[in-house]
Amino acid sequence: MKELKIGCGKPTGATVGEKTEKVKLPDQAQGRKEMDMSVVRVGQKAPDFEAPAYQDGKFGQVKLSDYLGKWVILCFYPGDFTFV
Amino acid sequence: MAAVASKYKDIKELGAEILSVSVDSHFVHKMWQDNELSKMVKGGVPFPMLSDGPGNIGKVYGVYDENAGVEMRGRFIIDPDGVVQAIEIMTPPVGRNVVEMVRQLQAFQHVRNTNGAEATPSGWRPGKGTLNPGPDLVGKVWEVWNVENAFD
């Protein structure tokens, strides 16, 4: 984890590295907006991202692609201090 | 997260890293660690806890609930090439099965170590028999594998 100097500003949000493809919808969907087809699927590359993180008493910046060569378990959860 | 943290040593020994993500800021992660997690598991959560305030990562991974402004309980096993091998997504009230998570990791590692020559049947765990997919196995799984093998 790259250590980050933290000031008093609002923490920046995560950035997702790879651009998601804009996919034109077929004819019957004309008139609707273009959609981001960015659904993650098994057997396909995990989209890269970089985000602020906390670990071992330090604030830092974590990038998924820094873990290439290792297995990664990515766990989302509803929120700190929730019950389950 | 405390349950995941309690199995961190085993997961680390399997050559894997855990990254947790929620919409909370890293400041809140620190408070949660100091005030609660460190009381549930010795040393607290040892892996990086990521902050995804605007839900940017969650949206791309299909776990962000726009109405609630939170991320669902999603779990992705990503291999060393960066390919997603397994996904589990649940609504908030039901917690994960960390033992099953580790079992899946071991199974995907086994398949990778054999270059895909072996497949792990239902309920497989290390030490149990695998299958060798190929022309000789077609229609013959019943000869080499029993349904009871799926259950401990």
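Keep in mind that what you see is a predicted model, and the values were worked out from it rather than measured. (Residues numbered from 1 in each chain as written. Chains lettered and ligands numbered in written order. Predicted model: local features only at pLDDT ≥ 70, side-chain atom pairs only at ≥ 80, totals over all residues. Heavy atoms only, no water.)

We now examine the overall build of chain B. A count of helices and strands for chain B gives six helices and six strands. Going from N to C terminus, chain B has its helices and strands arranged as α-α-β-α-β-α-β-β-β-β-α-α. Burial statistics for chain B: of 152 residues in total, 43% are counted as buried. Restricting to contacts in chain B with at least 6 residues of sequence separation, those with at least 24 account for 41%. Here chain B displays about 7600 Å² of accessible surface, and carbon together with sulfur accounts for 54% of that area. (Helix = DSSP H or I, 4+ residues; strand = E, 2+ residues; numbered from the N terminus. Buried < 20%, exposed > 50% of the residue type's maximum accessible area, 1.4 Å probe, protein only. Contact = heavy atoms within 4.5 Å. Areas by Shrake-Rupley, 256 points an atom, 1.4 Å probe, with all protein chains shown as cover.)

Positive phi outside glycine occurs at Phe81(A), with the angle close to 65°. The exposure class of Phe81(A) is partly exposed, given its relative accessible area of 38%. Backbone geometry at Asn115(B) places phi at a positive 55°, although glycine is not the residue there. If you trace the backbone, Asn115(B) turns up in the loop between helix H5 (98-113) and helix H6 (141-144).

This paragraph deals with the packing of aromatic side chains. Using the criterion set out here, one finds nine aromatic pairs over all chains in the structure. Taken together, a centroid distance of 5.8 Å and an interplanar angle of 45° make the contact between Phe76(A) and Tyr61(B) tilted. Taken together, the residues span two chains, with Phe76(A) in strand S7 (residues 71-76) and Tyr61(B) in the loop between helix H4 (56-60) and strand S3 (64-65). The pair Phe76(A) / Tyr61(B) is uniform in exposure class, with both members buried. Grouped by ring-pair contacts, the aromatic residues Phe49(A), Phe76(A), Tyr61(B) and Phe76(B) constitute a single cluster. (Phe/Tyr/Trp six-rings, centres within 6.5 Å; stacked < 30°, edge-to-face > 60°.)

Moving on to the pairing of strand S5 (residues 49-55) of chain A. The element S5(A) is largely enclosed, with a buried count of seven among its seven residues. In the sheet, strand S2 (residues 15-16) of chain A pairs with S5(A) via two bridges, with the strands oriented antiparallel. In the sheet register, Thr15(A) faces S5(A), and the bridge partner there is Glu50(A). In the sheet, S5(A) pairs with strand S6 (residues 58-63) of chain A via six bridges, with the strands oriented antiparallel. Along S6(A), the bridge assignment pairs Ala51(A) with Val62(A). The turn linking S5(A) back onto S6(A) is made up of two residues, and Asp56(A) within it adopts a positive phi angle of 50°. The pairing of S5(A) with strand S2 (residues 49-51) of chain B spans two bridges and is antiparallel. What sits directly across from Tyr54(A), in S2(B), is Met49(B). (Pairing = 2+ DSSP bridges.)

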